[in-house]
Amino acid sequence: MNFHQLHIFYTVLERGSFSAAAQTLHMTQPAVTMQVQALEDYFGTKLFNRSTKKIMLSEAGHTLMPYALRSIQLMRETDQAMSAFTHMLEGRLQLGASLTIGEYVLPRLLGPFGKQYPNISIMMKVMNTSQIMEEILKHQLNFGLIEASVTHPDMVIEPVMGDELKLIVPHDHPLAEQQEVTLEEVLQHPFVLREQGSGTRRVMEEQLFSKGLDPGSMKIVMELGSTGAVKSAVEAGLGVTIISTSSVKHEVALGLLEIVNISDASFKRQFYAIHLKSTLLPISAVTFLTFLREHSNDN
């Protein structure tokens, strides 16, 4: 018995067939079947009850299943623990990132990562969460970085970085002169917001609900599909907004926008990494995610 066989066994269970598992593992179906049979020979019992329509776990398979899952989790933890010592890594990472992460957070971290690991190349697609999940399921991406937690039976979702949204106003706005304002004061002003369903919008609305406030009562003058468009509208004086501080560093440095603290509300959130349960991430990907966790406060 070896870890590879346990991984194959769990993937067959998760994908529901030998052919689907073979596709996920980039193996031939006979090779998958042979490895499962080798595991059955080792234990001296059948692990699956096979029929023409579908496969089902035998009693022995049910017993083995949690141990196979634990072995996969242990291997992931081992890779993460050892990633700090692997400085000569090579490879190509294909990842998806949602808008704020891909356009404003990662670019500041890719440079330092590239200097530390010059032989790892990164191909990043900036897209929404649904598109990222779809491409991961098709094995077109190793993993994704998203702005809000999601659930999917075939995926692992884990927090990787922190972020905070704050009130952003034009440099000549009356609120820009104040060190701190209350939520009640802020809601008296017109807002420019990201579109409904965006991670940024969802975090803001959840915080308002937690304060007993209805987001529908906000004076929303414009809803836009990108953070860049929101920033431009605020800069033009069309309203104020609540977005990630990571996305306005350049404009704040130039004196175009101001960040104002809201004394009675906190819009903190997590960014999440997402990947298939049945696929072990390459050590280069584990190293990249470990780097993000360690340097999340540098962006």
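Report on the accompanying structure. All values derive from a computational prediction rather than experimental measurement.

## Here's the deal with the packing of helix H1 (residues 3-15) against helix H2 (residues 18-25)
Inference 1: As a packed pair, H1 and H2 sit with axes 8 Å apart at the nearest point and diverge in direction by 120°. Taken together, the axes of H1 and H2 are oblique relative to one another. As H1 packs across H2, the resulting crossing turns out to be right-handed. Two secondary-structure elements touch here, H1 through His-7, Ile-8, Thr-11, Val-12 and Arg-15 and H2 through Phe-18, Ala-20, Ala-21, Thr-24 and Leu-25.

## Looking at the packing of aromatic side chains
Inference 1: Counting across every chain of the model gives seven aromatic pairs.
Inference 2: On the numbers, 6.0 Å between centres and 70° between planes, the contact of Phe-18 with Phe-48 is edge-to-face. Highlighted residues: Phe-18 in helix H2 and Phe-48 in strand S1 (residues 48-50), separated in sequence by 30 residues.
Inference 3: Here Phe-113 and Phe-288 contribute two aromatic rings whose centre-to-centre distance is 4.9 Å and whose plane-to-plane angle is 85°, an arrangement assigned as edge-to-face. In this pair, Phe-113 is assigned in helix H6 (residues 107-116) and Phe-288 in helix H12 (residues 283-294), connecting sequence segments 175 residues apart. Comparing Phe-113 with Phe-288 shows no difference in burial state: the two are buried.
Inference 4: Clustering of aromatic rings is evident, with ring pairs tying together Phe-113, Tyr-117, Phe-143, Phe-288 and Phe-291.

Procedures and definitions
Residues numbered from 1 in each chain as written. Predicted model: local features only at pLDDT ≥ 70, side-chain atom pairs only at ≥ 80, totals over all residues. Heavy atoms only, no water. Axes fitted to C-alpha atoms, helices over the stretch in contact; angles between N-to-C directions. Helix = DSSP H or I, 4+ residues; strand = E, 2+ residues; numbered from the N terminus. Parallel < 35°, antiparallel > 145°, perpendicular 65-115°, else oblique. Left-handed = near helix turned anticlockwise from the far one by under 90°. Contact = heavy atoms within 4.5 Å. Phe/Tyr/Trp six-rings, centres within 6.5 Å; stacked < 30°, edge-to-face > 60°. Buried < 20%, exposed > 50% of the residue type's maximum accessible area, 1.4 Å probe, protein only.

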